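If you want the building blocks of each chain, they are given just below.
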Amino acid sequence: MQAPNDFNPPPGLAMDLQPGLRRILAPNPSPMTYRGTNTYLLGKRDLAVIDPGPFSDAHFEAILDAVQPGQRISHIIVTHSHLDHSPLAAPLAARTGASILAFGGPQAGRSAVMAQLAQQGLAGGGEGIDTAFRPDVEVADGEVIEGDDWHLEVIHTPGHLGNHIALGWGDVCFTADHVMGWASSLVSPPDGDLTDFMQACHRLRARDWAVFHAGHGAPITNPAERLDWLINHRLSREAQILAELEVQPGNARQLAKRVYTETPAALLPAAERNVFAHLIDLYGKSQVYTSGALSVDAMFSRSA
């Protein structure tokens, strides 16, 4: 699925999405962030700032400028602690007095297998962790965050990152980087866990949503269809990896070269991370095996 080319709002402008909801695009476009990070302002009097974004003086001022007479920032909610989502939370809290809410710090929600891989020295790849991030208030799955004229349901959606949450607002869901319209979510061990990611996709799919507001890109007006695409995309990649292992065992690097045959060499390290995420998931389901310890260099096969 190709990224739409009609989403290109001006950074720094608070744009109305529906009554009580505005979006400000941060000026941090990149291959990982598309046009930039979406910061959402929810509420008519007490405002929740969802994902204040990366360190940027311009974006910081844009958020403050969007506060209208009679309004105040009462909550700062961070969906996950990647460097393009959370760093502005602390300075914004210092300026406004609002509390920072999140599932937890950078290690919160990390699965046992990912914690083990991190202890073995596997470093994260991708968007970069905001290692200094600490919320004032830790919120739990199913908890409701309330403002004077809004409430948000916390939905723990690990997979892209262990501390990743989505936020339900009626039949609207702020999906952050778990579900986006412009690209599939990055799942890169040890930060990302594909088993968790797929479970969270199915959990969201069980609900009847009208629209998804993602961390990057345009609103998703066909949430069920998009989730089906994400799930099937991952299952298709899984089938490719299993087919290659039927022919010959391999490690993540070898399998990435065999599966991603048209991928430029510069992008193969990211492909290798993706394959490794699938191998960990398949290993956990006893569909692939390795004779040694689980690692990015381990050789995998279809039989024990």
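The structure displayed is predicted, hence computed values, not measured ones.

K.L.:
Any chance you could explain the nonpolar core here in plain terms?
P.N.:
Within soluble globular proteins, side chains that are nonpolar generally end up buried alongside one another. Core analysis: the biggest nonpolar cluster contains 22 residues, and I241, L245, Y260, V275, F276, L279 and F300 have the highest contact counts within it. For this core, the secondary-structure elements that each account for two or more residues are α3 (112–119), α5 (223–247), α6 (252–259) and α7 (268–284). No other element matches the seven residues that α7 contributes to this core. Dropping the residues within four chain positions of it, F300 is found in contact with L245, P249, G250, F276, L279, Y283, V288, Y289, T290, L294 and S295.

K.L.:
What is the right way to read the pairing of strand β10 (residues 165–169) from this model?
P.N.:
On a regular strand, each side chain points to the face opposite its neighbour's, so the side chains alternate between the two faces of the sheet. Judged by how many residues are buried, β10 sits mostly within the fold: five of five residues are covered. A two-sided burial pattern is seen for β10, the buried positions comprising I165, L167 and W169 on one face and A166 and G168 on the other. Here strand β9 (residues 151–156) pairs with β10 via four bridges, running antiparallel. Counterpart to E153 in the pairing with β10 is G168. Linking two consecutive strands that pair antiparallel, namely β10 and strand β11 (residues 172–176), is a turn of two residues; a positive phi of about 65 degrees is found at G170 within it.

K.L.:
What is the right way to read the pattern of salt bridges from this model?
P.N.:
Between side chains of opposite charge, a pair can form when the charged atoms approach closely. This structure, assessed with the given rule, holds 12 salt bridges. Across the salt bridge formed by E246 and R302, the nearest N and O atoms sit 3.1 Å from each other. You can see E246 sitting in helix α5 and its partner R302 sitting in the segment after α7, a full 56 residues away along the chain. Put simply, D297 and R253 hold a salt bridge, and the shortest N to O gap is 3.7 Å. In this pair, D297 is assigned in the segment after α7 and R253 in helix α6, connecting sequence segments 44 residues apart. Counted as one network, the salt bridges with shared partners bring together E238, D281 and K285.

K.L.:
Sorry, what's going on with the sheet that holds strand β1 (residues 15–18) here?
P.N.:
In any sheet, the strands associate via hydrogen bonds between backbone groups, in a parallel or an antiparallel arrangement. With respect to topology, seven strands assemble into an open sheet ordered β1-β2-β3-β4-β5-β6-β7, the strand pairing being mixed. Of all strands in the sheet, those bounded by a partner on one side alone are β1 and β7 (137–138). Across five bridges, strand β4 (residues 46–50) lies against strand β5 (residues 72–77) in parallel orientation. Across the sheet, residue A48 finds its bridge partner in β5, namely H75. Against the sheet, helix α1 (residues 57–65) makes contact with β2 (21–25), β3 (38–42), β4 and β5, and its axis sits at roughly 160 degrees relative to β2, the strand it touches most.

K.L.:
How should I be thinking about unusual backbone geometry in this particular structure?
P.N.:
Negative phi characterises most residues that are not glycine, and trans characterises most peptide bonds. A cis amide bond links P189 with the next residue in sequence, P190, at an omega value of 5 degrees. Here P190 lies in the loop between β11 and α4 (194–205). Of note, Y34 is a non-glycine position whose phi angle comes to about 60 degrees, a positive value. The residue Y34 is located in the loop between β2 and β3 in this model. Within the chain, S286 stands out as a residue other than glycine whose phi angle is a positive 60 degrees. For S286, the position within the fold is in the segment after α7. By relative accessible area, S286 is classed as partly exposed at 47%.

Reading guide: rules and limits
Residues numbered from 1 in each chain as written. Predicted model: local features only at pLDDT ≥ 70, side-chain atom pairs only at ≥ 80, totals over all residues. Heavy atoms only, no water. Core = buried A, V, L, I, M, F, W, Y, C linked by side-chain atoms within 4.5 Å. Buried < 20%, exposed > 50% of the residue type's maximum accessible area, 1.4 Å probe, protein only. Helix = DSSP H or I, 4+ residues; strand = E, 2+ residues; numbered from the N terminus. Contact = heavy atoms within 4.5 Å. Pairing = 2+ DSSP bridges. Salt bridge = Lys/Arg side-chain N within 4 Å of Asp/Glu carboxyl O. Axes fitted to C-alpha atoms, helices over the stretch in contact; angles between N-to-C directions.

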